[in-house]
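Listed here are the chains, written in short residue letters.
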Amino acid sequence: MDADGNRTKIAIDGATYDLIMPHRDIDYIQKKISETGEPYELQMLRDMASRISVGDLVLDIGANIGNHTLYLAAVSKCRVIAFEPNKELTEALQSSVIANSLEGMIDVRQCGVGATSNRAFFKKSAPENLGSQGLQTGSGDIEIVTIDSLNLDRPIKAMKIDVEGMEPDVLTGARETISRDRPAIYAECHDSTVYQTITAMLDALGYVYMETFNSTPTLLFVHRDNLTFEELCAHINNRQRANEYRLRGRLKRAEQPTPSPTPLTKSQQVRTSIRPQFAQERQLVAPDKFNEYSGLLVTCDDSAKIELYLAPRAEAALRSGQSKLKISCRKEVDKALISVGSFSKKVSISFMSGKPSVQIGNCGGLEVNMTLYGDSCVSIGDNTTCNSASIIAADSDVVIGRDCMLSHNIVLQSCDQHGIIDLSSMEIINTKRGIEIEDHVWLGKGCFVCAGVRIGKGAIAAAMATVTRNVQAFSLVAGCPAGMINTNVTWTRQLNEIDNRTSSFILRNTSRTGNKLTNS
């Protein structure tokens with residue numbers, strides 16, 4: 001680091017540039033950059049740089065002193081339009097642009113960005129963190145513009161949005177531009193409300209959540225069409241694995257004694273660190289609050305053995321009685337973890353022993369009875385539905401992917417529970433464990449899925465099928481034991497038309513050869 005007055009020299013990733021920081025003694029971000037000599041939020045910046053090329057156009061919305069703007073222009077040699085309503089910050093940013101002779105690459109605009117053209121003022125003064133000043137729209141001396149109103153000379157390749165809770169407004173005013181250009185979007189989410197709003201908006205535009213950066217969560221969304229099939233599969237698999245590790249890690253941390261075992265109050269509720277495809281804020285429900293939920297029934301000699309996390313939608317459904325969650329726990333259980341995004345109907349969970357865990361995503365109607373022994377894990381993905389099923393997991397995992405459909409009287413048993421002895425060798429031979437059901441699988445009425453089975457994406461198991469071995473993707477099996485009936489097929493929830501979610505799944509996971517769709 002080389003400081004001269006308000007100037008700090010940054011040497012990073014093959015580039016050197018000066019950053020003007022007039023409030024480095026009091027402002028948190030400026031002080032941090034000055035102390036480390038590195039750009040703020042460097043991991044995210046490097047990810048952004050990996051997704052853009054020389055001459056691409058990037059929008060830095062909520063630019064502050066230009067930490068992101070200067071890095072991208074200097075390292076990636078891209079063009080940046082930087083939006084910042086704070087006059088002090090835009091003056092510092094413009095000084096940095098001039099100091100680095102980047103006038104032709106960086107366009108600094110002193111204004112806010114929102115859903116409509118408007119006026120605004122700062123809600124409060126925060127000299128210790130100038131970038132945290134939120135805007136109040138309706139009147140004031142700050143101009144608010146929309147992204148859709150800009151006359152841009154090239155497509156936008158990436159957008160960074162950090163505007164203190166106004167991120168949904170920015171996206172609303174950029175809907176046409178996003179639909180046309182499909183840029184990578186990095187949006188800060190201060191709370192679950194902003195997260196849910198942004199996710200819903202971008203999901204409707206064809207985006208998928210990819211990664212989270214920074215101490216205040218900044219989420220990366222990428223349009224599906226900009227991902228290869230391999231990237232999308234790898235992304236889903238990595239998130240699933242990461243989620244399972246986080247579940248087990250939380251169980252281990254829960255085992256550690258705490259210096260003060262006093263019950264948690266509502267103000268002490270914590271957020272889970274779970275970040276899977278059903279990532280959202282889930283709050284810990286203290287054991288003494290269990291009886292406040294009309295849809296929650298807990299039977300346990302020591303309710304502190306149950307660590308229950310609920311997302312806002314799940315909490316509202318349980319309080320109103322629209323969803324029913326029944327939990328029982330034997331004395332042999334050391335600690336049990338449950339994480340719920342949302343569901344309707346009834347879920348019953350019996351923890352028998354060990355350190356089991358259950359994760360339910362943002363699902364539709366679920367009627368499931370689960371029994372878990374030992375260190376088992378049951379995971380159910382987003383948009384999965386079930387009319388009635390029994391899941392038995394014994395020292396093994398049952399993983400059900402996204403958008404699956406389970407009919408009536410389904411049985412998933414991930415371990416035989418009792419040994420079969422080969423009398424010639426006197427060895428136990430039924431050692432297979434675990435069940436994995438990939439995305440968009442349909443299990444017909446009365447299906448029985450045995451231990452050690454993996455059912456590939458898009459597959460169908462016909463009514464009364466007993467699935468004893470792996471099923472390949474996009475195939476139909478039937479019988480006892482189940483055998484191959486057809487290949488290159490999948491299913492849709494509608495009888496006479498292909499629903500939108502299935503259509504999107506087919507497009508992502510198949511390729512057309514002649515007049516046939518084949519598995520990619």
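Conventions adopted
Residues numbered from 1 in each chain as written. Predicted model: local features only at pLDDT ≥ 70, side-chain atom pairs only at ≥ 80, totals over all residues. Heavy atoms only, no water. Helix = DSSP H or I, 4+ residues; strand = E, 2+ residues; numbered from the N terminus. Buried < 20%, exposed > 50% of the residue type's maximum accessible area, 1.4 Å probe, protein only. Contact = heavy atoms within 4.5 Å. Areas by Shrake-Rupley, 256 points an atom, 1.4 Å probe, with all protein chains shown as cover. Pairing = 2+ DSSP bridges. Axes fitted to C-alpha atoms, helices over the stretch in contact; angles between N-to-C directions. Core = buried A, V, L, I, M, F, W, Y, C linked by side-chain atoms within 4.5 Å.

Peer 1: Any details on the overall build of the protein? Residues and values, ideally.
Peer 2: Helix and strand content of the protein: 10 helices and 37 strands. Across the 520 residues that make up the protein, the buried fraction comes to 52%. For the protein, the proportion of contacts with a sequence separation of at least 24, taken over those separated by at least 6, is 48%. For the protein, the exposed surface amounts to about 23500 Å²; the carbon and sulfur share of it is 48%.

Peer 1: With reference to specific residues and values, describe unusual backbone geometry.
Peer 2: Cis geometry is found at the peptide bond from Cys-480 to Pro-481, where omega equals -5°. By the secondary structure assignment, Pro-481 is in the loop between strand 34 (475–479) and strand 35 (482–487). Backbone geometry at Glu-41 places phi at a positive 55°, although glycine is not the residue there. With respect to the element layout, Glu-41 can be found in the loop between helix 1 (28–36) and helix 2 (42–50). Under the relative-accessibility criterion, Glu-41 is labelled buried at 17%. Phi is positive for Lys-345, which is not a glycine, with a value near 75°.

Peer 1: Go over the sheet that holds strand 6 (residues 106–109), please, and point to the residues and values.
Peer 2: Backbone hydrogen bonds are what pair the strands of a sheet, in a parallel or an antiparallel way. The seven strands are arranged 6-5-4-11-12-14-13 in an open sheet whose pairing can be described as mixed. Bordering the open sheet on either side are strand 6 and strand 13 (207–213), each of which pairs with just one other strand. For this sheet the average axis-to-axis angle between neighbouring strands, irrespective of direction, equals 15°. Sheet topology places strand 4 (residues 57–61) next to strand 11 (residues 156–161); five bridges connect them, and they run parallel. Bridged to Leu-57 within strand 11 is Ile-156. The strands touched by helix 3 (residues 67–76) within the sheet are strand 4, strand 5 (79–83), strand 6 and strand 11, with strand 5 carrying the most contacts at an inclination of about 175°.

Peer 1: Please give an account of the sheet that holds strand 7 (residues 112–113) that cites residues and values.
Peer 2: One open sheet accounts for four strands, arranged 7-10-8-9; its pairing is mixed. Two strands bound the open sheet, and with one partner strand each, they are strand 7 and strand 9 (135–137). Pairing geometry for strand 8 (residues 118–122) and strand 10 (residues 142–145), over three bridges, is antiparallel. Directly across from Asn-118, in strand 10, lies its bridge partner Ile-144.

Peer 1: Requested: an account of the pairing of strand 23 (residues 397–400), with residues and values cited.
Peer 2: The sheet contact formed by strand 21 (residues 377–380) and strand 23 spans four bridges and is parallel. Bridging across to strand 23, Cys-377 finds its partner in Asp-397. Taken together, the three bridges between strand 23 and strand 28 (residues 435–437) define a ladder with parallel strand orientation. Within the sheet, the bridge partner assigned to Val-399 lies in strand 28 and is Glu-436.

Peer 1: Can you tell me about the nonpolar core, naming the residues and giving the values?
Peer 2: The biggest cluster of nonpolar side chains holds 54 residues, and the ones touching the most others in it are Phe-351, Met-370, Leu-412, Leu-443 and Ile-455. Once residues within four sequence positions are removed from consideration, Phe-351 is found in contact with Ile-327, Ser-328, Cys-329, Arg-330, Val-333, Ala-336, Leu-337, Ile-338, Pro-356, Val-358 and Leu-372. One finds Ala-15, Ala-82, Val-208 and Met-210 within the second-largest nonpolar core, a separate group that totals 40 residues.

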